[in-house]
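Below are the chains, spelled out letter by letter.
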Amino acid sequence: MKKLLALCCFLFAGLLPAAMADVTAPDVLVRDVTNEVLEIVRRDKAIQAGDTQRVIELVDARVLPHFDFRRMTMLAVGRDWREASSEQQERLTEAFRTLLVRTYSNALTQYRDQVIAFLPSRFTPADTRVQIRTEVRQSGAQPIGIDYMLEKGAQGWKVFDVVVAGVSLVTNYRSSFAQEIRSGGIDGLIASLEARNRALVDEQKRS
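What this report covers is the structure whose coordinates are included nearby. (Residues numbered from 1 in each chain as written. Predicted model: local features only at pLDDT ≥ 70, side-chain atom pairs only at ≥ 80, totals over all residues. Heavy atoms only, no water.)

## Notes on the overall build of the protein chain
Along the protein chain, the regular secondary structure elements total 7 helices and 5 strands. Going from the N terminus to the C terminus, the protein chain shows its helices and strands as α-α-α-α-α-α-β-β-β-β-β-α. Taken over 207 residues, the protein chain has a buried fraction of 45%. Sequence-distant contacts, at least 24 apart, represent 58% of the contacts inside the protein chain between residues at least 6 apart. When the accessible surface of the protein chain is totalled, it reaches about 10700 Å², and 48% of it is carbon and sulfur. (Helix = DSSP H or I, 4+ residues; strand = E, 2+ residues; numbered from the N terminus. Buried < 20%, exposed > 50% of the residue type's maximum accessible area, 1.4 Å probe, protein only. Contact = heavy atoms within 4.5 Å. Areas by Shrake-Rupley, 256 points an atom, 1.4 Å probe, with all protein chains shown as cover.)

## A few points about the environment of D60
Here D60 lies in helix 4 (residues 52-62). The spatial distance from the C-alpha of D60 to the C-alpha of T98 is 9.6 Å, given a sequence separation of 38 residues. Setting aside its immediate chain neighbours within four residues, D60 contacts R97 and V101.

## Considerations on the packing of helix 5 (residues 69-77) against helix 7 (residues 169-206)
Interhelical geometry of helix 5 versus helix 7 gives an angle of 75° and a closest axis separation of 7 Å. Relative to helix 7, helix 5 is oriented roughly perpendicular. Note on element contacts: helix 7 touches helix 5 through L169, V170, Y173, R174, F177, I181 and L189, opposite M72, L75, A76 and V77. Here the residues of the contact of helix 5 with helix 7 are counted per class, giving 10 nonpolar, no polar and 1 charged. (Axes fitted to C-alpha atoms, helices over the stretch in contact; angles between N-to-C directions. Parallel < 35°, antiparallel > 145°, perpendicular 65-115°, else oblique. Nonpolar A, V, L, I, M, F, W, Y, C, P; charged D, E, K, R; others polar.)

## Looking at the pattern of salt bridges
With the rule as written, the count across this model stands at 7 salt bridges. Among the salt bridges present, the one from R71 reaches E151, with a minimum N-O distance of 3.1 Å. Taken together, the residues span a long stretch of sequence, with R71 in helix 5 and E151 in strand 3 (residues 144-153) at a distance of 80 residues. On the accessibility criterion, E151 (24% relative accessible area) is partly exposed. Between R97 and E94 there is a salt bridge, and its shortest N-O distance comes to 3.0 Å. One end of the pair, R97, and the other, E94, are both in helix 6 (residues 86-103), 3 residues apart, so they sit about a helical turn from each other. The exposure class assigned to R97 is buried, which follows from its relative accessible area of 17%. Salt bridges here are not isolated pairs; linked through shared partners, they connect R71, R129 and E151. (Salt bridge = Lys/Arg side-chain N within 4 Å of Asp/Glu carboxyl O.)

If you want it as structure tokens, here you go:
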């Protein structure tokens, strides 16, 4: 499940200039960017060979402009977000962003013959929050529905959640974050996330 969720998040890596985001329909944005990223993955021998650092660099360069990590972190932390200081919110956002990037950095290296189907999405030009539906299809397996939740702001369309087979990425983390906060407060959650990030770096160095 995590690998599939990662694949879907990172297939939507930002290859279009940020200035185009506010003039491109969100469904067109998702479709065009996904197709372009898959083409890069097919051509990149290092990614195909499992070069994790190469994927991290791709994610850092392409994903960040199109994902609202602050909003994602706020939704994952829930009501406890309001109790965090500005500095704590900043550290939480950075730690969560790093966790997502490093935890799922191997997803694109595992892409082989999956097909991404783009399903009809209903929205109007006046909408500022939309749900773009896609489906991952692979021979011998049931299709998995992927929904991208995007919101339009001053900087254009940004993804603030990804829903895989009905499971929200944000909601998936909310319960574990709440438990960490109950045990050690906001600082405890920050420490836990930073420790997990260090462990992932060490694991990737060994691989």
